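Here's the letter readout for the chains.
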Amino acid sequence: MQSKYKISLLRASLLAAAVALALWTPMAPPAAALLLWLSVGWLFITALVLDFSHRRSPGLPWQMLAGTLLLGLIAAAPERHALLIWAWGAVFMLPQHRWAAIFNACAAMLSCLLLAPVVSLPEWLLMVLSLATLSVLALSRTHQLINMNGDIRQRLRLVPGANLWAGEQLLRDLLREQTRSEREAIHAEVLVIQVKRHQLWPVAQQLCELTYKFENVYRLNGTTLATLILSRTSKEAAKRRELLCAVLPDSAAIYHQPLMEIELASLSIEALSRYPKHRLSEAA
Amino acid sequence: MRVQPLPKRLMTAAYSASMFIMVGYMMWLYAMGSYRELLIPLFLAMLLLVSLLMHLGQGFRPCIPRILLLASIYIAVLTATYTQPSPAPLWLGLPIAATFLLLPLWSALSLNIVCLSAWWWLAPFETTAFSLSHVALTLLLALPPWEHARRRALLRATDPNDSDCDAYHIDTLKERLNNEFQRAAMLNKRLAVLVLHLPQLDMAEEQFGHRAQTALLGALCSEVNSRCRDHDILGRAGNATFWLVLPDTSESGALLVRERLQRALSRRVLVETGQLEARITTCLPLRKESFERYVQRLEARAEAIANV
């Protein structure tokens, strides 16, 4: 498949970079060798944990780790690793948060300063200016990618082939399902489930298996999932809900509400994901 | 004046910055009194000015100024390496990085491989450590474009819409139809599907090109989407075939929708292809029919109206 092919090429490329860095370690001073091996390890682990889904893309600022390693490499042996200064172009090509970008920009400036004793002053000035221009080019390329993503990201499913969707989709589906269930005279309710962070993906998978194909599962945030339950009557819905609750982990906080009672105009994903907590505090 | 999008503005900044850097380099050479080397930076500064103007102007393909910029970087670095008395090895990394930033991944990789082997042949710096650092830099710089490619492939795999028009593509369509089929069975509701065929589509592509085809598809999708309920599902089942899934709709309801659509579509007139022509037929699931059988029947129905 085309997509699998893309990811195995990326993995091969990560491993090749790790091997090249490992071959570069002999004759390095100890500090530089240590950092080289750290970078090799990081590339290697990244290659291993790579997967083809949207599970990991937001959140973790791993771009800062890349920047730190690069800064460390240059600081450990400025003369030997001077060439790596151009790798900052690669760091800025990664899509990243604003503050990760600011951190990386500072690190790039610092590594330029570290290189100042190695080259002559006019050369150094020229190098800083060229590097700045390169970084602007890299940022422009990243923004092209982000622009392309923006509108698709809202309607996408999180794992190819699974019935798991982004939270924005839930707001749209709620609106649609409200009119539809009224017209078809069926009972629809939304189920919000809060679990521990590490249980999220297994529970999401379980939910996908336990619900019908036409009842989507949504990820609201790092700890909260939601699903729609459609049944003929409210009694049948209660029975299905009990079955679902029996399978979910005990620590999960579950909240349900019929679709008809939800005020959609003022609803947001944050408000929905806070529902289970509210109910628990009311009960206590 | 229209405000340019951010990537374009950043590119403009990069082009002008590189031109000013080249002018600065030229002035520095002039101040140092090395008049003989002045000619090439002068030429390159003009080249960069041309590429900046091409980038700002309309009607040029965006790859041409990029290639000009890349070529001037290569020329500048090569001449500097050969004419300066003690060139820093650091500068050979600049063209490698610029290649990955300015060219698509595969062409950048092959260009860099060619350059690396050329350098090995006639390099002024011949130690293995040095060439190893080049290989490492090349591989590191290639990583972000790979990551971009992965994200793009991932978006394509998870985007439910067809790439040409505002309708679901075939995989999502079949999945949603399956969902509706199951839902109708579980909740005891009815289901109807309209099969639409655009006989003008192939002709539009052959005679007027891709744009006419996109216009035709866009017209169909906007007409259908504006005249349907929110939960009706429009998807592209084949090149010129669409399915419109109508949940909780009886046969007479489907026929009514068909009439309405037929009338609305025939009123739509496009510049190149003229009046929008569409053949529409209904196809309802039979009692106790399996989903696979129903899809086969839908496909056969589409075939039948395509070959009238």
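Residues numbered from 1 in each chain as written. Chains lettered and ligands numbered in written order. Predicted model: local features only at pLDDT ≥ 70, side-chain atom pairs only at ≥ 80, totals over all residues. Heavy atoms only, no water.

Where an unreviewed UniProt entry is consulted, chain A appears under the name Diguanylate cyclase, with the organism given as Vreelandella aquamarina.

With 69 residues of chain B at the interface, the matching set in chain A holds 69 residues. When the two sides are added together, the surface that chain B and chain A hide from each other amounts to roughly 7,000 Å², 71% of it contributed by carbon and sulfur. The largest contributions to the chain B side of the interface with chain A come from L90, L101 and R183 of chain B, which together make up 11% of the buried area. Our enumeration of links across chain B and chain A arrives at three salt bridges. If you look at where chain B meets chain A, you find 13 residue pairs in polar contact (both at pLDDT 80 or more). Elements with a minimum of two residues in the side of chain B that touches chain A: α1 (6–32), α3 (63–83), α4 (93–102), α6 (128–158) and α7 (170–186) of chain B. The greatest single-element share of the side of chain B that touches chain A, amounting to 24 residues, is contributed by α6 of chain B. Looking at the side of chain B that touches chain A, its residues break down into 44 nonpolar, 11 polar and 14 charged. (Contact = heavy atoms within 4.5 Å. Buried area = accessible area lost by both parts, 1.4 Å probe. Salt bridge = Lys/Arg side-chain N within 4 Å of Asp/Glu carboxyl O. Polar contact = N/O pair within 3.5 Å; in protein donor to acceptor, adjacent residues only side chain to side chain. Helix = DSSP H or I, 4+ residues; strand = E, 2+ residues; numbered from the N terminus. Nonpolar A, V, L, I, M, F, W, Y, C, P; charged D, E, K, R; others polar.)

Next up on the list: the packing of aromatic side chains. Residue and element names in this part refer to chain B. The full count for this structure, using the stated rule, is seven aromatic pairs over all chains. A centroid spacing of 5.6 Å and a plane angle of 90 degrees characterise the contact between W106 and W146, whose relative ring orientation is edge-to-face. Here the residue W106 occupies a position in helix α5 (residues 105–122), and W146 occupies one in helix α6, the gap between them amounting to 40 residues. Judged by its relative accessible area of 6%, W146 falls in the buried class. Put simply, the rings of F181, F291 and Y294 pair up and form one aromatic cluster. (Phe/Tyr/Trp six-rings, centres within 6.5 Å; stacked < 30°, edge-to-face > 60°. Buried < 20%, exposed > 50% of the residue type's maximum accessible area, 1.4 Å probe, protein only.)

What follows covers the sheet that holds strand β2 (residues 187–194) of chain A. Residue and element names in this part refer to chain A. Strand order in the open sheet formed by five strands is β1-β3-β4-β2-β5, with mixed pairing between adjacent strands. Pairing within the sheet leaves two strands with one partner each, and these edge strands are β1 (164–166) and β5 (253–258). Put simply, the sheet's adjacent strands are angled 30 degrees from each other on average, direction ignored. Examined bridge by bridge, β2 and strand β4 (residues 224–231) share eight bridges and lie antiparallel to one another. Paired with A188 across the two strands is L230, which belongs to β4. Those strands touched by helix α8 (residues 200–210) are β1, β2, β3 (217–221) and β4, and its axis lies near 10 degrees from that of β4. (Pairing = 2+ DSSP bridges. Axes fitted to C-alpha atoms, helices over the stretch in contact; angles between N-to-C directions.)

Moving on to the pattern of salt bridges. On inspection of all chains with the given rule, the structure shows 15 salt bridges over all chains. Here R183 of chain B makes a salt bridge to E184 of chain A, at a shortest N to O gap of 3.8 Å. With one member in each of two chains, R183 of chain B in helix α7 and E184 of chain A in helix α7 (residues 167–184) form a pair that bridges those chains. This pair shows no difference in class: R183 of chain B is buried, exactly as E184 of chain A is. Two residues, R190 of chain B and D248 of chain B, come together in a salt bridge whose shortest N-O distance is 4.0 Å. Linking R190 of chain B in the loop between α7 and β1 (191–197) with D248 of chain B in the loop between β3 (241–247) and α10 (251–267), this pair joins segments that are 58 residues apart in sequence. You can call R190 of chain B partly exposed: its relative accessible area is 48%. By sharing partners, the salt bridges in this structure join E177, R180 and E184 of chain A together with E180 and R183 of chain B into a single network.

Right, let's get into the side chain of S13 of chain A. Here S13 of chain A shows up in helix α1 (residues 2–23). If we ignore the near neighbours within four places in the chain, the residues touching S13 of chain A are L143 and W146 of chain B.

Per-residue pLDDT for chain B averages 86, and the proportion of residues at 70 or more is 95%. This prediction of the complex comes with two scores: 0.71 for pTM and 0.72 for ipTM. (pLDDT = per-residue confidence, 0-100.)

A word on the pairing of β4 of chain A. Along β4 of chain A, eight of the eight residues are buried, which leaves the element largely enclosed by surrounding structure. Where burial is concerned, the two faces of β4 of chain A agree: the one with T224, A226, L228 and L230 of chain A and the one with L225, T227, I229 and S231 of chain A are both buried.

The next thing to look at is the sheet that holds β1 of chain B. Residue and element names in this part refer to chain B. Here four strands make up an open sheet; going across it, the order is β2-β3-β1-β6 and the pairing antiparallel. Since the sheet does not close on itself, it has two edges, and those belong to β2 (233–236) and β6 (279–283), each with one partner. Within this sheet the neighbouring strands show an average axis-to-axis angle of 20 degrees, counted without direction. The pairing of β1 with β6 spans five bridges and is classified as antiparallel. The residue of β6 that forms the bridge with L196 is I280.

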